[in-house]
Each structure stands twice: as structure tokens, then as C-alpha cells.
Amino acid sequence: MAIAYPKEAGSETSQAPVIQIDDFRGDFAGVATLIQESWEENGKQGLFYTPEFLESCLNYPGSRYSLAPTLYQGEKPCAFVAGFPRTFQYKGRQLRAIVCTLLSVSNEYKRKGYGIVLWSELVKRARAAGYDGMVNYCVDGEAMNGMILGCCRMLKLPTERIFSVHYLMRPIQPKAKANSASNVPCDLADLTIEKFQRAASLISDDTPLKRVWTESEARWQLHRHHGLVVSHSLAGREGLLTAYLMPAANPQRTKCLMIEDVLWGTLVDEDRLALVHKLLDRGVQTGAQMAFLPRLGYADIAPFQAARFRSSPRTLHCYLTVFNGDAVPEPVPSMCLDVI
């Protein structure tokens, strides 16, 4: 249902389009442009969110356009935010939550409070839909960090910065005699949803926040937009890595390999290093120029360090909100949840 807003003083009410919050209308190109233009003002380098990438995210199992409230002026999207459904175990309880992300406000509407209004609308919709909580990621040093805590205090929602995500990165150099992608067997031919879920289930129970996968979510992850999956099986040992390709929001549109799931499964050290090199080789074949790995603490990163990954200056802070307060958020030493 649309929420109408009065026009600003001095506007021509007979001509200016109505400003309203509505469900996202599927105009991916318009929202992709909005995100890019909004984030260009940020001081830190980000990614370039294409219409195809956004459409893929909003096709995630359980996603709905009502959880992507959008501020429209007539037909033009002027602000956007999305909540993507996730399920995870936290403090002995299974939480069905949304990952709140992609909050963007067009330049003409910035510093007028629309971002807070839109974010609060998403919170209201998530609670009405029966979600147990939400996760927000904020870039270190940006004003959003204070906004999240302030708004949650205002709404009397238990919220805590539970983790800070640091990154490893490395350049990817083409090999002189790299095989073409068409000559490399596709791991998906040998991978099954069962293998994915089996590897995910072997993540240590000591991980205090641990993602839970449904069959449909695992299928989406294995076939996501511009996704890469590599696996390694030897002598009964098996494990896998997933990643996706995204251009950076720079003039060169640097092609980035964003590593997501590090599922070592039953692999030993030499298997793990071989699997990392396999992923990098696959990245070369797709034209990737940089690789990034979020350090979440749930998986051994030594194989990546052995493959010459080094620390990146980028840091994200993770905020967890629990709507009903049964599991009051507190900092955790590790977490297994995708970073958007």
C-alpha cells in the first residue's frame, strides 16, 4: 500500500508528481541508476550494482517486493532499501531475519530524513511479516553506523554491533597459457544440493551465529547470477567454495571475484590450498582482476594467505537487531552469514 507524503513548501501541487513510499515496482534499471548516483558521493570505493544483479537478489527464495520499499516521485525511484530473508542459529535459537541493505537516496532528497523514513518502513514491514530480527552492514567511518543505533533506540529495538568484518584481497593476473572456460569441466555437473548442505553442516558448532540453508536457498546459491562454484574431492574428502563476479564502481569497472562460502568440509590442508588455486584459475577464465574474501572467523583462512591474499583496508560493521528481545544481541567472535 502506498504511503503519500505532502509536497515541500513552494512546490507546484498541480504539477509535481506525488511523493510516496510503495512496494518496489520491478524497475531494476531505475533503481540501479539510483544506487550508483547515490553512492558516488561516498568517500569509499564500492561495487557497481547492475539491474541483472538486483533482479537476481530479489528472486532469492522468500524475497518479496514488499520487503523492498521504494520512495517514488511519480514513476521515478528516489530512494530504495531492501530486506533479503535469511535464517540462522544464534544463541541456541533459530532466527528468521532480513539482511537490510542497499539503502540509497537520490541526491535531491538527501539530508531530508527520507533514508531514515524508508529504513523504518522496512523495519515495520519485516515485523509485520513475522520476522524475528534484522542484520545491517555499515561501512566503517560512515554516518550510517550512528543512524542504525539511534533509530533502533528510538524504536526500542535491542540492537548491538556484534562483529566487524575485515577483508583479505589479492590481484588476479592472467596466466600465459590459461585454459579457456569452455575446456574446463563445470563443477556444477558434479555438485548437488546435498553435497552443498553436507559441507555447510560441517561448520563448527562453536560458531555462535551460523546460517541455516533450505534446499531452495542452496539451489539459488549454486546457480546465482554470475556465480562461480569450485569443489575438490579426493579419497573420500570433499569441500567447496562459492563466489560471484561484480564490477567495481570505478571508471575501469574492475571485475571483482567476491568469495562467499568457504566450506572446507573434510578437506585437509593441501586440499584446501588446491581448492583456492582452482577458484583463482576459474576467476582468470572469467576475466576477474581482483579477489576479495570477508574474514568472518568461521573458516580457516591460512590457505588464502598461502595463496598470497593480504589484508584490505575495507571494514564493515555488522549490527544485529532482535525484534522480540528473547535473544538480546551481543558481540560474537565469529559468524557464518553472507555479507551484502
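The following refers to the structure shown. All figures in this text were calculated on a predicted structure; none of them were measured in a lab.

**Side note on the overall build of the chain**
Then step 1. Tallying secondary structure elements over the chain gives 8 helices and 14 strands in all.
Then step 2. Look at the contacts in the chain between residues 6 or more apart in sequence, and 75% of them connect residues 24 or more apart.
Then step 3. Within the structure as shown, the chain displays about 15600 Å² of accessible surface, and the carbon and sulfur contribution to it stands at 52%.

**Observations regarding the side chain of Asp338**
Then step 1. Position of Asp338 relative to the elements: it lies in the segment after strand S14 (335-336).
Then step 2. Classification of Asp338 by relative accessible area gives buried; the value is 10%.
Then step 3. At 2.8 Å, the side chain of Asp338 forms a polar contact with the side chain of Arg86.
Then step 4. At 3.3 Å, the side chain of Asp338 forms a polar contact with the side chain of Arg211.
Then step 5. Setting aside residues up to four positions removed in sequence, Asp338 forms contacts with Arg86, Tyr137, Arg211 and Glu260.

**Quick notes on the state of the cysteines**
Then step 1. Enumeration over the complete set of coordinates arrives at 0 disulfides.
Then step 2. No disulfide involves Cys138; its sulfur sits 8.6 Å from that of Cys100, the nearest cysteine.

**Digging into the pairing of strand S4 (residues 76-90)**
Then step 1. Taking burial as the measure, the 15 residues of S4 include 13 buried ones, the bulk of the element.
Then step 2. Where strand S3 (residues 70-73) lies against S4, 4 bridges are found, and the strand directions are antiparallel. Residue pairing across strands places Tyr72 opposite Pro77, the latter belonging to S4.
Then step 3. Once S3 ends, the chain turns through 2 residues before running back antiparallel as S4, passing Gly74 with a positive phi of about 65°.
Then step 4. Where S4 folds back onto strand S5 (residues 93-105) in an antiparallel hairpin, the turn is made up of 2 residues, including Lys91, whose phi is positive at roughly 55°.
Then step 5. Relative to strand S8 (residues 209-211), S4 is paired through 3 bridges, and the arrangement is antiparallel.

**Some thoughts on unusual backbone geometry**
Then step 1. Of note in the backbone geometry, His226 takes a positive phi value of approximately 55° without being a glycine.
Then step 2. Counting through the fold element by element, His226 comes out in the loop between helix H6 (215-222) and strand S9 (227-234).
Then step 3. The class for His226 is partly exposed, based on a relative accessible area of 48%.
Then step 4. In this structure, Arg253 is a non-glycine residue whose phi angle is positive, near 50°.
Then step 5. You can see Arg253 is positioned in the loop between strand S10 (237-247) and strand S11 (255-263).
Then step 6. For Arg253, a relative accessible area of 34% gives the class partly exposed.

**Thoughts on the packing of aromatic side chains**
Then step 1. A full pass over the atoms with the stated rule returns 12 aromatic pairs.
Then step 2. With a centroid separation of 5.2 Å and an interplanar angle of 90°, the aromatic rings of Tyr109 and Tyr114 are classed as edge-to-face. Of the two residues examined, Tyr109 and Tyr114, each falls in the buried class.
Then step 3. Aromatic rings pair up to connect Phe24, Phe28, Tyr65 and Phe80 into one cluster.
Then step 4. Sitting above the plane of the Trp213 ring, Arg211 keeps its charged end 3.7 Å from the centroid.

About the cut-offs
- Residues numbered from 1 in each chain as written.
- Predicted model: local features only at pLDDT ≥ 70, side-chain atom pairs only at ≥ 80, totals over all residues.
- Heavy atoms only, no water.
- Helix = DSSP H or I, 4+ residues; strand = E, 2+ residues; numbered from the N terminus.
- Contact = heavy atoms within 4.5 Å.
- Areas by Shrake-Rupley, 256 points an atom, 1.4 Å probe, with all protein chains shown as cover.
- Buried < 20%, exposed > 50% of the residue type's maximum accessible area, 1.4 Å probe, protein only.
- Polar contact = N/O pair within 3.5 Å; in protein donor to acceptor, adjacent residues only side chain to side chain.
- Disulfide = S-S within 2.5 Å.
- Pairing = 2+ DSSP bridges.
- Phe/Tyr/Trp six-rings, centres within 6.5 Å; stacked < 30°, edge-to-face > 60°.
- Lys NZ or Arg CZ within 6 Å of the ring centre and 35° of its normal.

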